[in-house]
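The residues making up each chain are set out below.
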Amino acid sequence: MSKGFWYGIVLEKGDDEMALGENIRKLREEAQLTQQQLADRLYVSRQTVSRWESGTRCPDLITAKKLAMELQISLDELISDEEIRSMEDMKNLYLWRGPQWKERQSLKEYKSRLCRVLDIFGSVFLVIMIFLLYLDMKVPVWFTATGFVIVGAIRILIWRADKKMEGCA
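Here's what I pulled together on the structure shown here. (Residues numbered from 1 in each chain as written. Predicted model: local features only at pLDDT ≥ 70, side-chain atom pairs only at ≥ 80, totals over all residues. Heavy atoms only, no water.)

1. A closer look at the nonpolar core
- I24, L38, W52, L67, L71, I73 and L78 are the most contacted members of the largest nonpolar core, which has 16 residues in total.
- Of all the elements in the fold, those that place two or more residues in this core are α1 (20-30), α2 (35-42), α3 (46-54), α4 (61-70) and α5 (75-79).
- L78 has contacts with L20, N23, I24, L27, A64, L67, A68, L71 and I73, leaving out every residue within four places of it along the chain. (Core = buried A, V, L, I, M, F, W, Y, C linked by side-chain atoms within 4.5 Å. Buried < 20%, exposed > 50% of the residue type's maximum accessible area, 1.4 Å probe, protein only. Helix = DSSP H or I, 4+ residues; strand = E, 2+ residues; numbered from the N terminus. Contact = heavy atoms within 4.5 Å.)

Dropping the structure here:
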């Protein structure tokens, strides 16, 4: 297995893994460009393009973006090891997000809903407390204790969601 680097991310090139070099070569040939012509357009040497295609080197992120623009494709299509046929394929393509991406997204949504509930409950609780104090009424201990228990329970649920998301990273 040969390895390349893309800003600290190790790209391993195996039989079933991403083949950036193969994509560059294929897309260059489809655009009917020689290595030299592509190199001239990107202001790099022909040897650099050759190294990208052989998989011994990877373009830096800015050059990869320019390369994708030159080949009239998205950066996702350039680095993908899967053929993208439609926008629906693009939505389902998350190469750098891993298999647990959907679980992480649902946990983020769950946490967001909990935060909204906490905001609403906290606001209502605070308004009631201020209203009771404004009327010079005593705030019942059970009311205060219940409020703190509910806020604490929501905070614990948010904390657990954060811990689960760390496990999905």
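From this point, the narrative continues.
2. Some remarks on the side chain of Q35
- Tracing the sequence through the fold places Q35 in helix α2.
- Among the polar contacts listed, one links the side chain of Q35 to the side chain of R46, at a separation of 3.1 Å.
- Once residues within four sequence positions are removed from consideration, Q35 is found in contact with R28, R46, V49, S50 and E53. (Polar contact = N/O pair within 3.5 Å; in protein donor to acceptor, adjacent residues only side chain to side chain.)

3. Details of the side chain of N23
- Locating N23 in the fold gives a position in helix α1.
- When near neighbours in sequence (up to four residues on either side) are disregarded, N23 contacts E77, L78, I79 and S80.

4. So, the environment of L118
- Looking at the element boundaries, L118 is found in helix α7 (residues 101-134).
- The class for L118 is buried, based on a relative accessible area of 16%.
- It is 8.0 Å that separates the C-alpha atoms of L118 and R155, two residues lying 37 residues apart in sequence.

5. Observations concerning the packing of α2 against α3
- The N-to-C vectors of α2 and α3 enclose an angle of 110°; their axes lie 8 Å apart at closest approach. The angle between α2 and α3 places the two elements in the roughly perpendicular class. Judged by residue contacts, Q35, Q36, L38, A39 and L42 of α2 engage R46, V49, S50, W52 and E53 from α3.
- Split by residue class, the contact of α2 with α3 holds five nonpolar, three polar and two charged. (Axes fitted to C-alpha atoms, helices over the stretch in contact; angles between N-to-C directions. Parallel < 35°, antiparallel > 145°, perpendicular 65-115°, else oblique. Nonpolar A, V, L, I, M, F, W, Y, C, P; charged D, E, K, R; others polar.)

6. So, unusual backbone geometry
- With a phi angle near 55°, Q32 is a residue other than glycine that sits in the positive phi range.
- Structurally, the position occupied by Q32 is in the loop between α1 and α2.
- Overall, the relative accessible area of 70% leaves Q32 in the exposed class.
- Located in the positive-phi region is D136, a residue other than glycine, with phi close to 55°.

7. Some thoughts on α4
- Residues T63, A64, L67 and A68 constitute the buried set of α4. The arc that holds every buried residue of α4, seen down its axis, measures 140°, which confines them to one face. α4 presents I62 and M69 as exposed residues on the side facing more than 90 degrees away from its buried surface.
- Here α4 starts with a cap whose side-chain oxygen sits 3.0 Å from the backbone nitrogen of I62, and that cap is D60. (Arc of directions from axis to C-beta.)

8. Considering the pattern of salt bridges
- Inspection of every chain in the model, using the stated rule, returns five salt bridges.
- We note a salt bridge from R41 to E70, for which the minimum N-O separation is 2.9 Å. You can see R41 sitting in helix α2 and its partner E70 sitting in helix α4, a full 29 residues away along the chain.
- Classification of E70 by relative accessible area gives partly exposed; the value is 28%.
- One network of salt bridges, with partners in common, ties together R25, R28, E29 and E53. (Salt bridge = Lys/Arg side-chain N within 4 Å of Asp/Glu carboxyl O.)

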